[in-house]
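Given next are the chains, with one letter for each unit.
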Amino acid sequence: MTIFEKIISGDIPGKFIYADETCVVFADVSPVRPGHALVVPREAISEWTSLSDEVAAHLFTVAKRIGEAQKKAFGVERAGLSILGFEVPHTHLHVVPLRSEADMNPANAKQAAEEELTESTEALRDALRALGYGSNVPPRIDSAELA
């Protein structure tokens, strides 16, 4: 079982931003920038090239919504997207609010304080509601439950 499956199941704590039947989005605990989010399919598929076309398209759509919310919540001009996949063998898309390309550098990642994670997660949850995606904001920040 991957660490992401444990986060989704609630065995390990997570800060959830978005959820639907196919995927969840939660805060990266070692963000490169505040608001760094991970879009993760509920099904543990090791690498993104093994996703079905439908799931891949859905994850990209959700990542776009998260990027829109990041721009609104953090006042940045752009949101970045990367798919790396070496650190956890479970597909995940990194969505990061950007001030410059340097903000995507994984070397900038550092463990975030609990308060920082909560604050940035709540900002994204509020922005998603304002953008009309409130039905996909989990009722509780600490759960991947659907509304």
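The rules behind the values
Residues numbered from 1 in each chain as written. Predicted model: local features only at pLDDT ≥ 70, side-chain atom pairs only at ≥ 80, totals over all residues. Heavy atoms only, no water. Helix = DSSP H or I, 4+ residues; strand = E, 2+ residues; numbered from the N terminus. Rg over C-alpha atoms; globule rule 2.2 N^0.38 Å. Buried < 20%, exposed > 50% of the residue type's maximum accessible area, 1.4 Å probe, protein only. Areas by Shrake-Rupley, 256 points an atom, 1.4 Å probe, with all protein chains shown as cover. Lys, Arg positive; Asp, Glu negative; His and termini not counted. Charge placed at Lys NZ, Arg CZ, Asp CG, Glu CD. UniProt positions renumbered as here; feature names shortened; annotations may be inferred. Polar contact = N/O pair within 3.5 Å; in protein donor to acceptor, adjacent residues only side chain to side chain. Contact = heavy atoms within 4.5 Å. Pairing = 2+ DSSP bridges. Axes fitted to C-alpha atoms, helices over the stretch in contact; angles between N-to-C directions. Phe/Tyr/Trp six-rings, centres within 6.5 Å; stacked < 30°, edge-to-face > 60°.

- By the naming in an unreviewed UniProt entry, the chain is HIT domain-containing protein, taken from Gleimia europaea ACS-120-V-Col10b.

### Details of the overall build of the chain
Link 1 in the chain: Regarding its fold elements, the chain presents 3 helices and 5 strands.
Link 2 in the chain: Shown N-terminal to C-terminal, the secondary structure of the chain runs as helices and strands in the order α-β-β-β-α-β-β-α.
Link 3 in the chain: The globule rule puts the C-alpha radius of gyration for 147 residues at 15 Å, and the 14 Å found for the chain is close to it.
Link 4 in the chain: With 147 residues in all, the chain has 44% of them scored as buried.
Link 5 in the chain: Of the roughly 7,600 Å² that the chain leaves accessible, carbon and sulfur atoms contribute 52%.
Link 6 in the chain: Here the chain contributes 14 positively and 22 negatively charged side chains, and the mean placements of these two sets differ by 6 Å.

### A few points about the UniProt feature "domain: HIT" (unreviewed entry) in the chain
Link 1 in the chain: In the numbering adopted here, UniProt assigns the feature "domain: HIT" (unreviewed entry) to residues 3-106.
Link 2 in the chain: Counted over residues 3-106, helix gives 28% and strand 24%. Its end C-alpha atoms are 19 Å apart.

### Thoughts on the side chain of serine 120
Link 1 in the chain: Looking at where serine 120 falls in the secondary structure, it is placed in helix α3 (residues 114-130).
Link 2 in the chain: With relative accessibility at 7%, the residue serine 120 sits in the buried group.
Link 3 in the chain: There is a polar contact of 3.3 Å between the side chain of serine 120 and the backbone oxygen of leucine 117.
Link 4 in the chain: Not counting residues within four places of it along the chain, the set of residues in contact with serine 120 comprises Pro34, Gly35 and Phe74.

### Notes on the sheet that holds strand β3 (residues 37-41)
Link 1 in the chain: Across the sheet, 5 strands lie side by side as β1-β2-β3-β5-β4; this open sheet has antiparallel pairing. Two strands in the sheet have a free side with no partner beyond their single neighbour: β1 (16-19) and β4 (78-82). The average angle at which neighbouring strand axes cross in this sheet is 20°, direction not considered.
Link 2 in the chain: As defined by bridge partners, β1 adjoins strand β2 (residues 23-27) across 3 bridges and the pair is classed as antiparallel. Looking across to β2, one finds that phenylalanine 16 is bridged to phenylalanine 26.
Link 3 in the chain: Contacts from helix α2 (residues 53-74) reach β1, β2, β3, β4 and β5 (93-98) within the one sheet, and its direction differs from that of β5 by about 20°.

### What to know about the UniProt feature "active site" (unreviewed entry) in the chain
Link 1 in the chain: In this numbering, the UniProt entry assigns the feature "active site" (unreviewed entry) to His92.
Link 2 in the chain: Relative to the helices and strands, histidine 92 is located in the loop between β4 and β5.
Link 3 in the chain: Accessibility expressed as a relative area gives 2% for histidine 92, which makes it buried.
Link 4 in the chain: Setting aside residues no more than four positions away along its own chain, histidine 92 makes contact with Phe4, Leu38, Val39, Val40, Ser82, Ile83, Gly85 and Glu87.
Link 5 in the chain: A distance of 2.7 Å separates polar atoms of two side chains, one belonging to histidine 92 and the other to glutamate 87.

### Regarding the packing of aromatic side chains
Two aromatic rings, taken as a pair, are described by how far apart their centres are and by the angle between their planes.
Link 1 in the chain: One pass over the full model with this rule turns up 2 aromatic pairs.
Link 2 in the chain: With 5.5 Å between their ring centres and 65° between their planes, phenylalanine 4 and phenylalanine 26 make a pair best called edge-to-face. With phenylalanine 4 in helix α1 (residues 3-9) and phenylalanine 26 in strand β2, the pair connects residues that are 22 residues apart, well separated along the chain.
Link 3 in the chain: Judged by relative accessible area, which is 2%, phenylalanine 26 ranks as buried.

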